[in-house]
Amino acid sequence: MGFDAETLSSATETLEAGALTSLVAATVAAPDDVITVRGLSKRYGAVEAVRGIDLDVHRGEIFGFLGPNGAGKSTTISVLCTLVGATGGSAVVGGYDVNSHPQQVRARIGLVFQEPSLDNQLTARENLYFHAMVYGVPRHERNRRIEAAFEMVELTDRADAQVITYSGGMKRRLEIARGVLHYPEVLFLDEPTIGLDPQTRAKVWEHLREVRQRTGTTIFMTTHYMEEAEWCDRIAIIDHGRIVSLGTPDQLKNQMGGDVVVVTTSDNARATRQIEEQFGVTALHDDGTLRIDVAAGAEFVPKLVKALDVEVRTVTVRRPSLDDVFLKLTGRAIRDDEVDQGAATRAMMARRWQGGRR
Ligand SMILES: Nc1ncnc2c1ncn2[C@@H]1O[C@H](COP(=O)(O)OP(=O)(O)OP(=O)(O)O)[C@@H](O)[C@H]1O
Ligand SMILES: [Mg+2]
C-alpha cells in the first residue's frame, strides 16, 4: 500500500485553510484554560452516556479522567475531539467550539485512541510521515520532527520496521510520537496504557511527561488505573456520565478528612451496628472488610477495639486513596478485575478487527 499524494495534499490544504479561517473565529475560553466544558451531554438512543458535565482544563496540565467501564470517558473524549456530536451543552477546545468549528479544533489536537489505529503494513516512519502530511507539518520540518519523535519514545532503531512487528508497548509509544508530531495544543489519550504491563506503563508515562515538558502540550487522558490518576496534575472522577469529584489527587483525598481505618471482624454486620451506635459513623462494606473514615486513625483504633464485643481480626490505618474517594462518592470500588476484563475484551476485538483488515 502506498500514499495517495493527491488526497494527502488536498487534506493538507483543507486543514491549512481551516487554520486561516480560525484566525478570525471567536475565542470563547479563558486564556489559561485550553478546554472549557459546560453542561455537556450525549445520548445514544436510550443510553445517557454523558449527563451534563462541567470542567475546565488548564493549559499545560496533565488532566486525568477516571472512571469505571461505561462511565462515559470515551464518549466525552469523542465529543471533545469532534468525532461525535453532543446532545446538549457546549465544549470549547483550543479556543474553538467543537460544534461550530470542528476543523479548527481538529487542527489543534492530537489523538491516541483506545484501540490502536496505526497502519500495520507500513513502517513506523511511514506512519509518522503520513500523519505529518495530513496535518500540514511543513515539508522542510517533517524529517526533523519525525527523528525527534522517534528519539523521544526511544524507537529510533526500529523506525524502519513494519508496525506489524512491534509489540503492544512499542505501538503505544509510536502512537504517542504520532499524536504530538504536529505540535497540538492538546493531546487526548483514551486509556493509553490499558493492557500494558506495569513496566511499559511506567515508560509510557515517562514519555508523556517528556512531551509535556518539551512542547507544553496539555494532556487529557482517561484511565481506570488509580495509580495513574495519582500521577495527574488534576483529575475528574466520572461515574454514570456525571462528574462526582474534580481536583488535584491531594485535594480529593483531603476531602475525605483524615484517615481510613479498615477492620475485619468475626461479625461485620454486628460490628457495623455497634460502630454506628458508638461513634455515629457508617462503616462501608467492601470485600469482607469494613472501612471507616475518621479524623485521626491512631487514636480511633483503641477506642474501636474497646467498643466492639465481636472479635477484631485485622486492623489497618492508612491515608485515603483515590479508590476510597471513589468508594465514598459512589458506594462501590473501581475494581481491577473489572478493568482487566474490559481490557481483555477490547484487545480481542482490536485483534479481530485488524485481522479482518489484512
Ligand atoms: N456508539 C455507541 N452507541 C450506543 N451506546 C454507546 C456507544 N458508545 C458508547 N455507548 C454507551 O455509552 C456509555 C458510556 O460509554 P463509554 O464508551 O463512553 O464509557 P467508558 O467510560 O469509556 O468505558 P470503558 O472504560 O469501558 O472504556 C456506555 O453505556 C456505552 O454502552
Ligand atoms: Mg472507554
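So, a few notes on the structure that sits alongside this text. (Residues numbered from 1 in each chain as written. Chains lettered and ligands numbered in written order. Predicted model: local features only at pLDDT ≥ 70, side-chain atom pairs only at ≥ 80, totals over all residues.)

Moving on to the overall build of the protein chain. Of the regular secondary structure elements, the protein chain holds 13 helices and 14 strands. Among the 358 residues that make up the protein chain, the fraction classed as buried is 37%. Contacts spanning at least 24 positions in sequence make up 73% of the contacts within the protein chain whose residues lie at least 6 apart. (Helix = DSSP H or I, 4+ residues; strand = E, 2+ residues; numbered from the N terminus. Buried ≥ 20, exposed ≤ 12 C-beta atoms within 10 Å, placed from the backbone. Contact = placed C-beta atoms within 7 Å.)

End to end, helix α10 (residues 268–279) covers 16 Å across 12 residues, agreeing with the expected 16 Å (1.5 Å per residue, within 8%). Just past α10, the residue Gly 280 takes up positive phi, approximately 65°. (Expected span 1.5 Å × (residues − 1).)

This brings us to the sheet that holds strand β7 (residues 186–190). Spatially, six strands are ordered β6-β7-β8-β3-β9-β10 in an open sheet, and the strand pairing comes out mixed. Every interior strand has two partners, whereas the edge strands, β6 (109–112) and β10 (242–247), have only one. Averaged over all pairs of adjacent strands, the angle between strand axes in this sheet comes to 15°, irrespective of strand direction. With four bridges joining them, strand β3 (residues 62–66) and strand β9 (residues 234–239) adopt parallel strand pairing. (Pairing = 2+ DSSP bridges. Axes fitted to C-alpha atoms, helices over the stretch in contact; angles between N-to-C directions.)

A word on the pairing of strand β13 (residues 289–294). Summarising burial for β13: five of the six residues are buried, a large majority. In this sheet, β13 lies alongside strand β11 (residues 259–265) in antiparallel orientation, the contact comprising five bridges. Counted as the bridge partner of Val 263 is Leu 290 from β13. In the sheet, strand β12 (residues 284–286) pairs with β13 via three bridges, with the strands oriented antiparallel. In the sheet register, Asp 286 faces β13, and the bridge partner there is Thr 289. In this antiparallel pair of consecutive strands, β12 and β13, the connection spans two residues, and Asp 287 shows a positive phi of 55°.

Let's shift gears to the nonpolar core. Within the largest apolar cluster, 68 residues are counted, with the highest numbers of intra-cluster contacts made by Leu 80, Ala 91, Val 93, Ala 177 and Phe 188. It is strand β2 (residues 47–58) that contributes the most residues to this core, five residues altogether. Once you skip the residues sitting within four places of it in the chain, Phe 188 turns out to touch Ile 77, Leu 80, Cys 81, Ile 109, Gly 110, Leu 111 and Phe 220. Formed by 11 residues, the second largest nonpolar core is a distinct cluster that contains Ala 271, Leu 290, Ile 292 and Leu 304. (Core = buried A, V, L, I, M, F, W, Y, C linked by C-beta atoms within 7 Å.)

Look at helix α6 (residues 168–179) against helix α7 (residues 198–215): their axes get within 10 Å of each other, and the N-to-C directions meet at 10°. Considering the angle they form, α6 stands roughly parallel to α7. Within the contact between the two elements, α6 uses Gly 169, Arg 172, Arg 173 and Ile 176 and α7 uses Thr 200, Lys 203, Val 204, His 207, Leu 208 and Val 211. Classifying every residue of the contact of α6 with α7 by side-chain character gives four nonpolar, three polar and three charged. (Parallel < 35°, antiparallel > 145°, perpendicular 65-115°, else oblique. Nonpolar A, V, L, I, M, F, W, Y, C, P; charged D, E, K, R; others polar.)

With that settled, consider the sheet that holds β11. Strand order in the open sheet formed by four strands is β12-β13-β11-β14, and the pairing between neighbours is antiparallel. Looking at the sheet topology across the chains shown, the edges are occupied by β12 and β14 (312–318). For this sheet, the mean inter-axis angle between neighbouring strands, taken without regard to orientation, is 25°. Against the sheet, α10 engages β11, β12 and β13, with an angle of about 15° to β13.

This part takes up the site of ligand 1. Around ligand 1 lies a shell of 13 residues, among which Tyr 44, Ala 49, Lys 73, Ser 74 and Thr 75 are the nearest. Elements represented by at least two residues in the shell around ligand 1 include exactly β2 and α2 (73–80). Classifying every residue of the shell around ligand 1 gives four nonpolar, eight polar and one charged. (Near = placed C-beta within 6 Å.)

Such coordinate-based values are descriptive only and should not be taken to indicate function.
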